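# Secondary and tertiary structure notes
In case you want the letters, here they are:
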Amino acid sequence: LQQSDTAITVWGALDSSYHMIPATVYVRSEANVTINTITEENITTEIGKAPVLPSVVEVQYNDGSWDNMNVGVIWDAIDATQYAKAGEFTVFGTIEGTDKKASATVTVEPTIEYLNSLKEKASTISNEYRIYTEDSYQALQNALKVVDDLGTIDTDAELNTAVEVLQSAINDLVSIPITHDNLAA
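We now turn to the structure provided with this report. (Residues numbered from 1 in each chain as written. Predicted model: local features only at pLDDT ≥ 70, side-chain atom pairs only at ≥ 80, totals over all residues. Heavy atoms only, no water.)

Right, let's talk about the pairing of strand β4 (residues 41–46) for a bit. Both faces of the sheet carry side chains from a regular strand, because those side chains alternate between them. Across the two faces of β4 the burial differs, with Glu 41, Ile 43 and Thr 45 buried and Asn 42, Thr 44 and Glu 46 not buried at all. Where β4 and strand β9 (residues 101–109) come together, 6 bridges link them in parallel fashion. Within β9, the position partnered with Glu 41 by the bridge is Ala 104. (Buried < 20%, exposed > 50% of the residue type's maximum accessible area, 1.4 Å probe, protein only. Helix = DSSP H or I, 4+ residues; strand = E, 2+ residues; numbered from the N terminus. Pairing = 2+ DSSP bridges.)

Structural data, given as structure tokens:
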């Protein structure tokens, strides 16, 4: 091809299939092309494990062509607190030559090991010296019972529920300010 800014479609077949598959080849002058859109990445990791983000992202150019092999991205730093608990967060990245930002939605999932460590942590919380309100401490005890009553965790939904119930109860403990009066009681 001698002419720039054109596209041709070629057809081919996989060795394992008789189906013909099209591929479009774009011939263009680099000076005439700009990034229109950047495909959002979806990443999954476990609680406590830093997500592994891709070094390249998929983009669509103003001429309609796509590239998922050559567009590098530098991701913003991720604070470890973002993947220290179950949930989702978004990370942004910079691509050279454009002011558009890449983005990745990171889903942080719990594990049985994490649930067991959370149960151990909750079990060691004592109210012997009445440092928490009775209601919040009782809510923690109730949460521990709910998780224990689940028995064997068979599904992701059960695991997510157990972690959420227990983590919420720990987070919702209300401390009582230490005063001379409640020390004497």
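Taken as a class, soluble globular proteins show a tendency for nonpolar side chains to be buried jointly. Residues Val 57, Val 59, Trp 75, Ile 95, Leu 115 and Leu 166 are the most contacted members of the largest nonpolar core, which totals 39 residues. Secondary structure elements with two or more residues in this core: β3 (35–38), β5 (59–61), β8 (87–94), β9, α1 (112–124), α2 (134–150) and α3 (156–171). Looking at which element gives the most residues to this core, the answer is α3, with 6 residues. Filtering out sequence-adjacent residues up to four positions away, Leu 115 remains in contact with Val 147, Ile 153, Leu 159, Ala 162, Val 163 and Leu 166. (Core = buried A, V, L, I, M, F, W, Y, C linked by side-chain atoms within 4.5 Å. Contact = heavy atoms within 4.5 Å.)

This paragraph deals with the side chain of Asn 127. Within the secondary structure layout, Asn 127 lies in the loop between α1 and α2. Note on Asn 127: relative accessible area 14%, which makes it buried. Within the structure, Asn 127 has its side chain in polar contact with the backbone nitrogen of Tyr 132 (distance 3.0 Å). The residues touching Asn 127, leaving out its near neighbours within four places in the chain, are Tyr 132, Thr 133 and Tyr 137. (Polar contact = N/O pair within 3.5 Å; in protein donor to acceptor, adjacent residues only side chain to side chain.)

The next subject is α1. Counted at 1.5 Å a residue, the expected span for α1 with its 13 residues is 18 Å, and the 18 Å between its end C-alpha atoms agrees. Inspection of α1 places Tyr 114, Leu 115, Leu 118 and Ala 122 among the buried residues, and these make up the whole buried set. Angular distribution of buried residues about the axis of α1 spans 100°; they occupy a single face of the element. Among the exposed residues of α1, those oriented more than 90 degrees off its buried face are Glu 113, Glu 120, Ser 123 and Thr 124. The secondary structure elements touched by the buried residues of α1 are α2 and α3. (Expected span 1.5 Å × (residues − 1). Arc of directions from axis to C-beta.)

Tracing the backbone through its elements, the reader meets Val 57 in the loop between β4 and β5. Along the backbone, Val 57 and Leu 140 are 83 residues apart, and their C-alpha atoms lie at a distance of 44 Å. Val 57 has contacts with Ile 38, Glu 41, Asp 67, Asn 68, Val 71, Val 73, Trp 75, Ile 95 and Ala 102, leaving out every residue within four places of it along the chain.

Another point: the packing of α2 against α3. Packing of α2 against α3 brings their axes to within 8 Å, and their N-to-C directions diverge by 165°. Judged by the inter-axis angle, α2 sits roughly antiparallel to α3. Of the two possible hands of crossing, α2 and α3 adopt the one that is left-handed. Note on element contacts: α3 touches α2 through Glu 158, Ala 162, Val 165, Leu 166, Ala 169 and Ile 170, opposite Ala 139, Leu 140, Ala 143, Leu 144, Val 147 and Leu 150. (Axes fitted to C-alpha atoms, helices over the stretch in contact; angles between N-to-C directions. Parallel < 35°, antiparallel > 145°, perpendicular 65-115°, else oblique. Left-handed = near helix turned anticlockwise from the far one by under 90°.)

Here the structure, examined in full by the defined rule, presents 3 salt bridges. Among the ionic pairs, Lys 49 bridges to Glu 46, the shortest N-O distance being 3.2 Å. Lys 49 sits in the partly exposed class, given a relative accessible area of 48%. Owing to a relative accessible area of 33%, Glu 46 belongs among the partly exposed residues under this scheme. A salt bridge links Asp 149 to Lys 145, with the nearest nitrogen and oxygen atoms 2.9 Å apart. Here the residue Asp 149 and the residue Lys 145 both occupy positions in helix α2, the gap between them amounting to 4 residues, near one helical turn. (Salt bridge = Lys/Arg side-chain N within 4 Å of Asp/Glu carboxyl O.)

Side chains of Ile 8, Val 10 and Val 25 sit close together on the surface and give an oily, nonpolar patch of about 200 Å² of accessible area. Mapped onto the elements of the fold, Val 10 is located in strand β1 (residues 6–13). Of the residues examined, Val 10 reaches a relative accessible area of 38% and is grouped as partly exposed. (Patch = residues over 30% accessible without salt bridge, like charges linked within 9 Å, V, L, I, M, F, W, Y side chains within 5 Å. Areas by Shrake-Rupley, 256 points an atom, 1.4 Å probe, with all protein chains shown as cover.)

Purely geometric numbers; function is a separate question.
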